[in-house]
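Tertiary structure, described
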Protein chains: 2
Amino acid sequence: MLTFAIFSLLLHFAMQASPPLDQVFQYIDEHQDDYVQHLKEWIAIQSESSNPTKRDDVIRMMQVVGETIKRLGGTVELTDVGNEELPSGKIIPLPPVVLGKLGKDPNKTTVGIYGHVDVQPARFEDGWSTDPYLLTEKDGNLYGRGSSDDKGPVLAWLHAIEAFQALKQELPVNLKFIFEGMEESGSKGLDELLKAKNETFFSNIDYIVISDSAWLSKKPALTYGTRGLCYFIIEVQCANQDLHSGLYGGTVHEAMTDLIALLDSLVNSTGYVLIPGIDSDVVPLTNEERVLYKEIEFNLEAFKHTIGTTELLHKTKEDVLLHRWRFPSLSIHGIEGAFSGPGAKTVIPAKVTGKFSIRLVPNMDPDKLSNQVMTYLNGVFAARGSPNQMQVALESGSKAWVAHVTDKQYDAGRRAISKVFGVEAELIREGGTIPVARSLQHTTQKSVMMLPIGSPDDRIHSQDEKLSRDNYINGTKLFAAYIAEISQH
Amino acid sequence: MLTFAIFSLLLHFAMQASPPLDQVFQYIDEHQDDYVQHLKEWIAIQSESSNPTKRDDVIRMMQVVGETIKRLGGTVELTDVGNEELPSGKIIPLPPVVLGKLGKDPNKTTVGIYGHVDVQPARFEDGWSTDPYLLTEKDGNLYGRGSSDDKGPVLAWLHAIEAFQALKQELPVNLKFIFEGMEESGSKGLDELLKAKNETFFSNIDYIVISDSAWLSKKPALTYGTRGLCYFIIEVQCANQDLHSGLYGGTVHEAMTDLIALLDSLVNSTGYVLIPGIDSDVVPLTNEERVLYKEIEFNLEAFKHTIGTTELLHKTKEDVLLHRWRFPSLSIHGIEGAFSGPGAKTVIPAKVTGKFSIRLVPNMDPDKLSNQVMTYLNGVFAARGSPNQMQVALESGSKAWVAHVTDKQYDAGRRAISKVFGVEAELIREGGTIPVARSLQHTTQKSVMMLPIGSPDDRIHSQDEKLSRDNYINGTKLFAAYIAEISQH
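A quick note: this is a predicted structure, and the numbers were derived from the prediction, not measured. (Residues numbered from 1 in each chain as written. Chains lettered and ligands numbered in written order. Predicted model: local features only at pLDDT ≥ 70, side-chain atom pairs only at ≥ 80, totals over all residues. Heavy atoms only, no water.)

With that settled, consider the relation of the copies chain B and chain A. Relating the two copies of this chain is a rotation about some axis coupled with a shift parallel to it. For the pair chain B and chain A, the best superposition has an RMSD of 0.0 Å and corresponds to a rotation of 180° with a translation of 0.0 Å parallel to the axis. On the angle and the small slide along the axis, the relation comes out as a two-fold axis. In this assembly, 100% of the residues forming the interface of chain B have copies in chain A that are likewise at the interface, indicating an isologous arrangement. (Least-squares fit on C-alpha atoms with pLDDT ≥ 70 in both. Contact = heavy atoms within 4.5 Å.)

Structure representation (C-alpha cells):
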C-alpha cells in the first residue's frame, strides 16, 4: 500500500511538473499507431491529380480532409475552383480546395497551414516492392504513394491539433487550412482562388507555413527557397496512323527521328542547358552566398549512394547544391505515343509527344523562357527540313520562390526544431517546385516558411515512396512545438 | 412444270459446262459470309506473341489451327519447339508449330504452305476506331488485329481446300502446312525445327508458298524478295530508382539525356543511317535493276496520301521503291522505362531502354551489323564521359531474302493471278521482313514464293488493321487457282 501511495504521489508530481508541450509530445508518442492507421486510410485513396480517370478519387480525398477538420471542431468550405479542359477537349471538374478555420480569438496569432493531398501517379508495375496504395511498414518506414508527399505531413498537422485538444489544452493560435488536390498538376485553380479570397479568408492570417519538402540530411531544416518549373511538350506528327517499319522504313521522315533530334538539342552531356539566353535572368551568385553553402551539412558520398551513381555532374558539395537549388536544370521525362511496352515492336509511331521540363531560379520568367525555348526548337526543327508537323507548348509554368529568413516565424521554426530534436535548424533551399510558396507569398504578402518533416531519401515521385515512422511522429511533435512557439510572437 | 423442267435442265447444263475451277470460285463466293465468321472467331483470340502475358492465347490459337486442318481430313502435329527465357529470367513455353499434312499421292506435286497466326500487340487505347479483337466490317473492309497479317491469308488457304472438298473435287496437289505462332517475335524456335525436320517433313515438298505480305498497288503481285531485320535495344541506367527532377535535376547524369543522344546519333534528317560501314556489304545496284523499277506501277501521290504526309525522304518513284526494298533503313520505335502516359510527370527515369531496328538487304549480315552498331554506339557513349551503365544488345537478327523468279511456281502464280483477276502479276519485293522466307529457302533448298493477298493500305502492325472482303474472298480463289496451276508441273 505504501509503495502504491508513493508511486501515485510521484506520478501526480510528474504530471504537474511536466510542461504542457511535453504532455503533448507524450500523447503523440502514445497515439502513433492510430496516426499510422489514419495515414493508411488516406494512402488507400488513389488521388492522382494528373490522371483524369482518377479525378473522383481526388475529389473524395478532399471530402475526407474536410470531414477530418470538422471532427476537430473546425469549419470547412469545399471551394469550387472550376473545371479543367483535357487535351481531348473533355471538361472535367477540378477537385475543390479545402479552406478550413479553427479558432477566431482576436488576441491570438493566426497561422495558415498549406498542404496537398493529391499524389503523383504510381503503379505496382513501375517497380514498386509493395502495392503503392497499401501503406506497408517495414524497418521503421511507412511505404506508400503520398506517405511523404504530402499526405503524411498534412495528417501530422491535424494530429498535432488533436493532441492539444485531447489533453484539453487550449490551442495557442488560430488556424486556417488551405489543402489542395492539384499540387502535382500545377495547382490548377489555386492562384485564382488566392486572389479571390485575399481580402477575406487570407486577410487576417499572420504567418503561412508549408510542409511539403524534405530535409537535406538527417538534420532538421527550414526551407527558404524553391525552384520554379516550366513543363514543355514537343509534338511531332509524320503520318495519320502508326506505320510498319518494314513497309515504310526508308521512305518517311519519321516523327521519332525528328523528336529525338529536338530533345537531343536541349542539354549537353555535362548537364548544361543549350537554350540560348536561358542564363541571362539568373541572379548572379555572390561570394557571400557561396560561403553560405560551405556551412551546410551535406554528404556527397551518401547522396551518390542514395541515387546509386558513382559520379555526379559536379564535383564539390557547393557546386552540387548550387546546381540543385540555385541554377536552372533540364530533365527529359519521356515520350508519349511511341512504343513503350516490353518486348519488340517494329512500329514507326505516327505522332509522338516528348516531355521535358526546366527548373527555374530567381529571376527567371516562365513566359520569357517559354519564348526562348520555342524560338530555339523551331530553329532546330527548321534546319532539319522535315515536312512533319511540329509544335512546342508550355504545359505549365511557375516562378521560383525565395523568402526573407529574418521573418519572425523562422525564429519560431528554429526554436521548435531545437525543442523536438535538440539540434540547430539547417537553413536550406529546395530544388523542387512548390509554386504555392511563391503564390502565397506574392498574393497575400505574408511571411511564408517551409517546415519539412520528410527525409531526402523518401523517394517522392518515385517507386517505394516512404516516410519513416520517426519522421512522421517527431514531425507531428514539431508542428505542435511550432504552434506553441509562433503563439509567443 | 414446264418452266421448272427447263430451269433444271439449264442448271444441269451449266453445272456440266462450268469448268471445275469456276465451280470452286462460285462456291467460294457463295460461302464468303462463313469465311468472314471464321475470321471473326480467329481474330477474337488475342495471340500476341511479343506479350508474355498472352502466351496462353497464342497456344490456344495453334490448337484451333490444328483442329481446323483435322476437320479437312489432314493429320496434324503440334510440334514442341522449346521454351523462351524472358528478360526477367522467367521461362515460358514457346507456342507449338503446327505441322500438317493433307494427301500423299506420290504422283502429285507437294506444296508446302507457310503462315502465322500470332499478331502484333493491339489495344483499343492505341487509337483504334473499333475493338481490335472484335472483327468489324465497314465499307467493305474487315477490321481487326491479324485480319491481314496473317490470320486472313491462313484461313483463305484452308477455305480454298475446303471448297475443293465440298464440291467433291479431288485436290490436285498434296499439301503440307507450316503454321507458326512466333512470327511477330523473330520466329523463335522455327529455324531449329526446319533443320530438325529437313530430312523428314520437308524432304518431299516441291514448292513452298507464303502469303504474309501485301500487293504494292491495286495490282496483284508476286513477291520475290524481303528485307531482313536487326532489332536492337540500348539500355542506360543512371540510378537505382526513378528520381524527382526537382530534387536531383542539375546533379545527375540523366539516363534519358544519354539515351536520347545515342538514338540521335543513328540516323540523320534525310534518313541516312550514320553507322560507319553499314553500306559496305550492300549488293551494288545495277543499271538493269534500276530499269526494272521504272516499270512498276506505283503512285507516289497515293502512297503519300495513305501515310498522310506531304513529302517523302526521296523524290522519284524509283528512289522511293529502292529505299523501301533495296537499301537499309533505320527506325526508332520507342523507349521503355521513361514516362509514356498522358499528362505531366516530373520524373528522371532511372533505367531507360531505347528500341530501334535496321532493315537489312542482300548481302548484309546480322552479326557483322551488330558489331558495327555496338562499336559505333560504344564510341558515341564513351565520348560523352557519362558514368552511367550503358549496353547495346541485338534482340533478334535475320537476313534479307531474294528468290529466283525463273522458278516454275512463279509461272503458276502468274497464271493463277491472270485467271482470278484478269491482269498480269506484278513482280515486287517487300520492305518488311519475313525471315521464314529466307530460312525456308536456305534450309530446305526448295523454291519459295510469296503470293500475297493483302493490300498496301491494310495498316498491318498499326491501328485499324484491316483486310478488304474483296481481297479475302478473291484471295481464297487465288489460292485455289494456284493449287490447280502448280499441279500441272
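Quick look at the pairing of strand β11 (residues 228-237) of chain A now. Residue and element names in this part refer to chain A. Of all 10 residues making up β11, 8 are buried, and the element is well covered by its neighbours. Sheet topology places β11 next to strand β15 (residues 351-360); 10 bridges connect them, and they run antiparallel. Bridge assignment links V236 to a residue of β15, and that residue is V352. With 9 bridges connecting them, β11 and strand β16 (residues 389-398) associate as antiparallel partners. (Buried < 20%, exposed > 50% of the residue type's maximum accessible area, 1.4 Å probe, protein only. Helix = DSSP H or I, 4+ residues; strand = E, 2+ residues; numbered from the N terminus. Pairing = 2+ DSSP bridges.)

Let's shift gears to the UniProt feature "binding site: Mn(2+) 2" (unreviewed entry) in chain A. Residues and elements named next belong to chain A. Residues given the UniProt feature "binding site: Mn(2+) 2" (unreviewed entry) here are H116, D149 and D212. Maximum C-alpha separation among the annotated residues is 8.1 Å over a sequence range of 97 residues, consistent with a single clustered spot. With respect to the helices and strands, the residue H116 is situated in strand β5 (residues 110-116). You can call H116 buried: its relative accessible area is 0%. Apart from the residues within four sequence positions on either side, H116 is in contact with D149, D150, K151, V154, E180, E183, E184 and D212. Beyond its immediate chain neighbours, meaning those up to four positions away, D149 contacts H116, D118, V119, E184, D212, I460, H461 and E465. Within polar-contact distance, the side chain of D149 engages the side chain of H461 at 3.1 Å. (UniProt positions renumbered as here; feature names shortened; annotations may be inferred. Polar contact = N/O pair within 3.5 Å; in protein donor to acceptor, adjacent residues only side chain to side chain.)

What follows covers the pattern of salt bridges. Applying the stated criterion to the full structure yields 56 salt bridges over all chains. Salt-bridge contacts for B:R60 lead to B:D57; the nearest nitrogen and oxygen are separated by 3.8 Å. On the criterion of helical spacing, the pair formed by B:R60 and B:D57 is a turn pair, its members being 3 residues apart in helix α4 (residues 55-71). When the shortest N-O distance is used, the salt bridge between B:E170 and B:K108 registers 2.8 Å. With B:E170 in the loop between α5 (147-166) and β8 (174-180) and B:K108 in the loop between β4 (97-102) and β5 (110-116), this residue pair connects regions lying 62 residues apart in the sequence. We classify B:E170 as exposed; its relative accessible area is 60%. Shared partners join several salt bridges into a network, and the residues in it are A:D33, A:E137 and A:R469. (Salt bridge = Lys/Arg side-chain N within 4 Å of Asp/Glu carboxyl O.)

Here we come to the confidence of the model for chain A. Taken over all residues, the pLDDT of chain A has a mean of 94, while the share at 70 or more is 96%. Contacts for the low-pLDDT stretch residues 9-17 of chain A, under 50 throughout, to residues beyond four places or in other chains number 1 contact. (pLDDT = per-residue confidence, 0-100.)

By rolling a water-sized probe across the atoms, one finds the places where empty space is left. Applying the stated criterion across every chain yields a total of 10 cavities of 30 Å³ or more. Each pocket or cavity is described by its volume, and for the largest cavity that value is around 120 Å³. In this structure, the largest cavity is lined by 14 residues; those nearest its centre are A:V252, A:T257, B:V267, B:G271 and B:L313. Those elements that provide at least two residues to the lining of the largest cavity are α8 (255-264) of chain A together with β13 (329-336) of chain B. Of the residues belonging to the lining of the largest cavity, the class tally is 4 nonpolar, 7 polar and 3 charged. Approximately 100 Å³ is the volume attributed to the second largest cavity. If you go around the second largest cavity, you meet 13 residues; those closest to its centre are A:G271, A:L313, B:V252, B:E254 and B:T257. (1 Å grid on protein atoms, 1.4 Å probe; cavity = no way out; pocket = protein on both sides within 12 Å on 5 of 7 lines; lining within 4 Å. Points joined across faces, edges and corners; volume = space filled by probe spheres on them. Nonpolar A, V, L, I, M, F, W, Y, C, P; charged D, E, K, R; others polar.)

Moving on: the nonpolar core. By size, the foremost hydrophobic cluster in this structure holds 115 residues, and its most contacted members are A:I234, A:F356, A:I358, B:I234, B:F356 and B:I358. When near neighbours in sequence (up to four residues on either side) are disregarded, B:F356 contacts B:C230, B:Y231, B:F232, B:I234, B:L263, B:L266, B:L330, B:S331, B:I332, B:H333, B:V373 and B:L377. (Core = buried A, V, L, I, M, F, W, Y, C linked by side-chain atoms within 4.5 Å.)

For the rest of this paragraph, the subject is the domain arrangement of chain A. Residues and elements named next belong to chain A. Parsing chain A into structural domains produces domain 1 (20-226 + 400-486) and domain 2 (229-282 + 327-397). Look at where the C-alpha atoms of domain 1 and domain 2 centre, and you get two points 34 Å apart. Taken together, the contact between domain 1 and domain 2 spans 6 residues of the former and 5 residues of the latter. For the pair domain 1 and domain 2, the two sides together bury roughly 420 Å², of which 57% comes from carbon and sulfur. If you look at where domain 1 meets domain 2, you find 0 salt bridges. One can count 1 residue pair in polar contact (both at pLDDT 80 or more) joining domain 1 with domain 2. The residue makeup of the side of domain 1 that touches domain 2, split by class, is 2 nonpolar, 3 polar and 1 charged. (Domains from an automatic or database assignment. Buried area = accessible area lost by both parts, 1.4 Å probe.)

Once that is clear, we can look at the interface of chain B and chain A. Taken together, the contacts link 81 residues of chain B with 81 residues of chain A. Around 7200 Å² of area is buried between chain B and chain A when both sides are counted, 51% of it from carbon and sulfur atoms. On the surface where chain B and chain A come into contact, there are 0 salt bridges. Across the chain B-chain A interface, the total number found is 45 residue pairs in polar contact (both at pLDDT 80 or more). Of the residues forming the side of chain B that touches chain A, the biggest block, 8 residues, is contributed by β13(B). Split by residue class, the side of chain B that touches chain A holds 32 nonpolar, 35 polar and 14 charged.

Residue and element names in this part refer to chain A. In the UniProt entry, the feature "active site" (unreviewed entry) is given for D118 and E183. Taking the farthest pair of C-alpha atoms as the criterion, the annotated set spanning 66 residues converges on one region, since that pair is 6.6 Å apart. Examined against the element boundaries, D118 turns out to sit in the loop between β5 and β6 (136-138). Among the polar contacts made by the side chain of D118, one reaches the side chain of H116 at a distance of 3.0 Å. With respect to the element layout, E183 can be found in the loop between β8 (174-180) and α6 (190-197).

For the rest of this paragraph, the subject is unusual backbone geometry. Residues and elements named next belong to chain A. The omega torsion across D149 and D150 is 15°, close enough to zero to call that bond cis. Relative to the elements of secondary structure, D150 occurs in helix α5 (residues 147-166). Look at K168: it is not a glycine, yet its phi comes out positive at around 60°. On the secondary structure map, K168 appears in the loop between α5 and β8. Classification of K168 by relative accessible area gives exposed; the value is 75%.

Here the focus is the packing of aromatic side chains. Residues and elements named next belong to chain A. Considering all chains together, one arrives at 18 aromatic pairs over all chains under this definition. With 3.8 Å between their ring centres and 5° between their planes, W157 and F479 make a pair best called stacked. With W157 in helix α5 and F479 in helix α15 (residues 469-486), this pair connects stretches of sequence that are 322 residues apart. Each member of the pair W157 and F479 is classed as buried. Ring geometry for F232 against F356: centres 5.2 Å apart, planes inclined by 15°, an arrangement best described as stacked. In this pair, F232 is assigned in strand β11 and F356 in strand β15, connecting sequence segments 124 residues apart. (Phe/Tyr/Trp six-rings, centres within 6.5 Å; stacked < 30°, edge-to-face > 60°.)

The next thing to look at is the sheet that holds strand β7 (residues 141-143) of chain A. Residues and elements named next belong to chain A. Strand order in the open sheet formed by 3 strands is β6-β7-β20, with antiparallel pairing between adjacent strands. Each having just a single partner strand, β6 and β20 (466-468) make up the two edges of the open sheet. Neighbouring strand axes in the sheet, compared pairwise and without regard to direction, differ in orientation by 25° on average. Across the sheet, α5 is in contact with β7 and β20; its angle to β20 comes to roughly 50°. (Axes fitted to C-alpha atoms, helices over the stretch in contact; angles between N-to-C directions.)

We now examine the packing of helix α3 (residues 32-43) of chain A against α15(A). Residue and element names in this part refer to chain A. Where α3 contacts α15, the two axes come as close as 11 Å, and the packing angle between them is 110°. What the angle tells us is that α3 and α15 run roughly perpendicular. For the pair formed by α3 and α15, the contact residues are Q32, D33, Y35, V36 and L39 on the first element and R469, Y472, I473 and T476 on the second. For the contact of α3 with α15, the class distribution of residues is 5 nonpolar, 2 polar and 2 charged. (Parallel < 35°, antiparallel > 145°, perpendicular 65-115°, else oblique.)

Assignment of secondary structure puts A:Q488 in the segment after α15. By relative accessible area, which is 61% here, A:Q488 ends up exposed.

The next thing to look at is the sheet that holds strand β7 (residues 141-143) of chain B. Residues and elements named next belong to chain B. Across the sheet, 3 strands lie side by side as β6-β7-β20; this open sheet has antiparallel pairing. Strand pairing shows two members of the sheet lacking a second neighbour, β6 (136-138) and β20 (466-468), which therefore form its edges. Averaged over all pairs of adjacent strands, the angle between their axes in this sheet comes to 25°, without regard to strand direction. Pairing between β7 and β20: 3 bridges, direction antiparallel. What sits directly across from Y143, in β20, is K466. Packing against the sheet, helix α15 (residues 469-486) makes contact with β6, β7 and β20, and its axis sits at approximately 65° to β20.

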